[in-house]
Amino acid sequence: MLWLADSCIIYLFFTTVLPSIHNIYSLKGVGHTIIAAWLIFNVFFNYFYCINTDPGSPSDTMDLGHDLNNGSRHDVPMDEALLVRWCKRCQKPKPPMTHHCHICKRCILKMDHHCPWMHNCIGFYNYRFFFVFLFYMWIGCGYTMYMASIPLKESDDKQHTGVLFTFVVALAVFCSLTGLFSFHVYLVITAQTTIDFYASCRRRREARREARLKGEAPIFPQYVNEYDLGKLQNLQNLFDRGDSWWWLHMFLPSRSLPRGDGIHFMRSIPDVIDANSNLQLAQFRLPHLSDSSNTVVDRMNGNMPESGRVVLRELYDIEEG
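Structural notes, computed from the coordinates. A quick note: this is a predicted structure, and the numbers were derived from the prediction, not measured.

### Focus: the overall build of the protein
Looking only at helices and strands, the protein features eight helices and 10 strands. The proportion of buried residues among the 321 residues of the protein is 43%. Long-range pairs, those at least 24 residues apart, make up 65% of the contacts in the protein with a sequence separation of at least 6. Within the structure as shown, the protein displays about 17200 Å² of accessible surface, and the carbon and sulfur contribution to it stands at 58%.

### As for helix α5 (residues 161–189)
Taking 1.5 Å of rise per residue, 29 residues should cover 42 Å, and α5 covers 41 Å from first to last C-alpha, within 8% of that figure. Among all positions of α5, only V163, T166, V169, A170, V173, L177, F181, H184, L187 and V188 are buried. Positive backbone phi, at 55°, marks A191, one or two positions downstream of α5.

### As for helix α2 (residues 27–52)
A rise of 1.5 Å per residue sets the reference length of α2, with its 26 residues, at 38 Å; its end C-alpha atoms lie 37 Å apart and thus fit the reference within 8%. The complete set of buried residues in α2 reads G29, H32, A36, L39, N42, V43, F45, N46, Y47 and C50.

### Regarding the pattern of salt bridges
Two side chains with opposite charge may pair up if their charged atoms get near one another. Inspection of every chain in the model, using the stated rule, returns two salt bridges. A salt bridge links R106 to D54, with the shortest nitrogen-to-oxygen separation between them at 3.1 Å. Of this pair, R106 sits in strand β4 (residues 106–108) while D54 sits in the loop between α2 and α3 (78–81); the two residues are 52 residues apart in sequence, bridging distant segments of the chain. For R106, a relative accessible area of 24% gives the class partly exposed. Given a relative accessible area of 42%, D54 falls into the partly exposed group.

### Quick word on unusual backbone geometry
A positive phi angle, near 55°, is found at Q91, a position not held by glycine. Looking at where Q91 falls in the secondary structure, it is placed in the loop between β1 (85–87) and β2 (92–94). The class of Q91 is partly exposed, set by a relative accessible area of 41%.

### Considerations on a positive patch on the surface
Together, R204, R205, R208, R209 and R212 make up a region of like positive charge exposed at the surface. Position of R212 relative to the elements: it lies in helix α6 (residues 194–214).

Criteria and thresholds
- Residues numbered from 1 in each chain as written.
- Predicted model: local features only at pLDDT ≥ 70, side-chain atom pairs only at ≥ 80, totals over all residues.
- Heavy atoms only, no water.
- Helix = DSSP H or I, 4+ residues; strand = E, 2+ residues; numbered from the N terminus.
- Buried < 20%, exposed > 50% of the residue type's maximum accessible area, 1.4 Å probe, protein only.
- Contact = heavy atoms within 4.5 Å.
- Areas by Shrake-Rupley, 256 points an atom, 1.4 Å probe, with all protein chains shown as cover.
- Expected span 1.5 Å × (residues − 1).
- Salt bridge = Lys/Arg side-chain N within 4 Å of Asp/Glu carboxyl O.
- Patch = residues over 30% accessible without salt bridge, like charges linked within 9 Å, V, L, I, M, F, W, Y side chains within 5 Å.
- Lys, Arg positive; Asp, Glu negative; His and termini not counted.
- Charge placed at Lys NZ, Arg CZ, Asp CG, Glu CD.

Quick look at the structure:
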């Protein structure tokens, strides 16, 4: 449905909107044609690579003993770094932010969601293509609305029926994308995925329900995102290719994959947990690993601030899927 609307907008822009404003062979007409072609190219470029780029899955031989805080600004003890989950369906370890997709039938690294538009999961290796796709779609619809509004303001002639139709369709898609794109901007600058966001919402609902059953005022847990390095750094991590011009990669088409392996991420956990806190490490073994490769998993509990428990994300839990 989305692509039907987009194809309609592109066709009507070049056959109805642009000719009603400028001669398509004039200097201004050529200029607007180049702008529109650039937007369309980036939409299809990122759409193509989002579909055809594997989001990434954990391998059977990944290094579970590697320090998850490798490359971070802080030093975290190894007993706090060996935090591993296990997927009962794939029979594989699940790194941080990895989840099992019930449609793809496999675990996806840093899974955000399964996207029907892309016919693919959105994960570590193709999330940037998805984000930039939304960006150019949003800009393109806004540009079409602006161009279509020019002849509509100048005349009420019935010949502008096609222009009005283009404006309405572009407005509908623009409004839909505004909500979706704004949501993903929020996720990027807060270092979350869609799954993380809804998991946090679920915890708040549970806290509210428990308080209602007890007849008490709800005290919401203070959830700490150990991967939140600050808004600018979080945004840079999405487009960073190891140079100082990372921000240009949002506007230029690029086939490059993100830095890292989707398993080890920079963490700011020492910033949010006092090293002197009375934390107890409860150790248990993964039931599905052989004795020779059994990995110790550390889950952090203990005395937390009175304003509410500091609950680390489900990185530390063993999930079924």
